[in-house]
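Descriptive structure summary
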Amino acid sequence: IYDMVEGGSGIARWDRSVADWGSENATAWSTAVLDVLTDLGGSAYVAVIAIAVGAFDYRRFRNPSVPLFLAVVLIGISLLNNLLKLIVDRERPDVVHLVTTSSSSFPSGHSATAAAAWCAFALVMSRHQLRRVRAVAAAVAAFVTFAVAASRALLGVHWLTDVIAGVTVGWVWFLLAALAFGGRLQRLGEPVDADRAADAERV
């Protein structure tokens, strides 16, 4: 994606048109709706939801791996995204910003946080449920992620390629964390539980 940005090719060719369209067609109502959606990827909002999800799950299953998993996902994506922002240091779109901004533009922090966090929430809340429930949870996570990403571009604070890169980074980080904590089946704590069971059988 960054290569496209550097060369102005591929999806980067749509950066300008998306930024201009969002800025030129904004209304008070659309800005208010997009502002609500964009908060679903904000670090403070996501942290509160993560605490609630972690506490609820721990009360039900007493699995300390879950709060740790959520913390790794949230803290890790924040550190990774900020590192990439420092390295790339891209200017934000030169259009009217409909919400406040800070730091550089690439990749989108809200998009990355939404992608990683909402997938993590879906995994935690649905991992003991039927397959159709897990599918619905995954669909909700994807919808929230795309809504946040679209809101950042339409609010004029990110280029289209910023939000695509953010979503990609977020999903990759979530996948790495999920694999580290749950192995191929993504059941949190399973590798540790399996090792303990194997040790018990040997004894």
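Whatever comes next refers back to the structure up there.
Now for a quick tour of the structure. (Residues numbered from 1 in each chain as written. Predicted model: local features only at pLDDT ≥ 70, side-chain atom pairs only at ≥ 80, totals over all residues. Heavy atoms only, no water.)

**Overview of the environment of Y2**
Residue placement: Y2 occurs in helix 1 (residues 2–7). Spatially, the C-alpha atoms of Y2 and D162 are 9.0 Å apart, while their sequence positions differ by 160 residues. (Helix = DSSP H or I, 4+ residues; strand = E, 2+ residues; numbered from the N terminus.)

**Structural notes on the packing of helix 5 (residues 65–88) against helix 8 (residues 160–182)**
Helix 8 packs onto helix 5 with a crossing angle of 145° between their chain directions and a minimal axis gap of 10 Å. Where helix 5 crosses over helix 8, the handedness of that crossing is right-handed. Judged by residue contacts, S65, L68, F69, V72, V73, G76, I77, L80 and L84 of helix 5 engage V169, G170, W173, F174, A177, A178 and F181 from helix 8. In terms of residue class, the contact of helix 5 with helix 8 is built from 13 nonpolar, three polar and no charged. (Axes fitted to C-alpha atoms, helices over the stretch in contact; angles between N-to-C directions. Left-handed = near helix turned anticlockwise from the far one by under 90°. Contact = heavy atoms within 4.5 Å. Nonpolar A, V, L, I, M, F, W, Y, C, P; charged D, E, K, R; others polar.)

**So, the nonpolar core**
F69, L70, V73, W118, F121 and F174 are the most contacted members of the largest nonpolar core, which totals 29 residues. Among the elements of the structure, helix 4 (43–61), helix 5, helix 6 (109–126), helix 7 (131–154) and helix 8 are those that each provide at least two residues to this core. Looking at which element gives the most residues to this core, the answer is helix 6, with eleven residues. Counting five residues, the second largest nonpolar core, distinct from the first, contains A115, A149, V163 and V167. (Core = buried A, V, L, I, M, F, W, Y, C linked by side-chain atoms within 4.5 Å. Buried < 20%, exposed > 50% of the residue type's maximum accessible area, 1.4 Å probe, protein only.)

**Points about helix 6**
Over its 18 residues, helix 6 extends 26 Å from the first C-alpha to the last, a length consistent with the 26 Å expected when each residue adds 1.5 Å. Across the 18 residues of helix 6, 16 count as buried, placing the element largely inside the fold. (Expected span 1.5 Å × (residues − 1).)

**Structural notes on the packing of aromatic side chains**
As enumerated under the stated definition, the model contains three aromatic pairs in all. On the basis of an interplanar angle of 65° and a centroid distance of 5.5 Å, the ring pair of F69 and F181 is categorised as edge-to-face. Residue F69 is located in helix 5, and its partner F181 is located in helix 8; the two are separated by 112 residues in the primary sequence. With 5.8 Å between their ring centres and 80° between their planes, F146 and W171 make a pair best called edge-to-face. Of this pair, F146 sits in helix 7 while W171 is found in helix 8, placing the two residues 25 residues apart along the sequence. A relative accessible area of 47% means that F146 is categorised as partly exposed. W171 gets classed as partly exposed once you look at its relative accessible area, which sits at 32%. (Phe/Tyr/Trp six-rings, centres within 6.5 Å; stacked < 30°, edge-to-face > 60°.)

**Some thoughts on the pattern of salt bridges**
Two side chains carrying opposite charge are able to pair once their charged atoms lie near each other. All chains considered together, the criterion is met by five salt bridges. Among the ionic pairs, R90 bridges to D15, the shortest N-O distance being 2.9 Å. Here the residue R90 occupies a position in the loop between helix 5 and helix 6, and D15 occupies one in helix 2 (residues 15–24), the gap between them amounting to 75 residues. By relative accessible area, which is 16% here, R90 ends up buried. Taking the relative accessible area as the measure of exposure, D15 reaches 4% and is therefore buried. For the salt bridge of R90 with D162, the shortest nitrogen-to-oxygen distance reads 2.7 Å. Remark: D162 occurs in helix 8 and R90 occurs in the loop between helix 5 and helix 6; sequence separation between them is 72 residues. (Salt bridge = Lys/Arg side-chain N within 4 Å of Asp/Glu carboxyl O.)

**Considering helix 3 (residues 28–39)**
Spanning twelve residues, helix 3 covers 17 Å between terminal C-alpha atoms, matching the ideal 16 Å at 1.5 Å per step. Within the span of helix 3, buried status applies to S30, T31, L34 and T38. The buried residues of helix 3 occupy an angular sector of 95° when projected down its axis, which confines them to one face. Helix 3 presents A28, W29 and V36 as exposed residues on the side facing more than 90 degrees away from its buried surface. (Arc of directions from axis to C-beta.)

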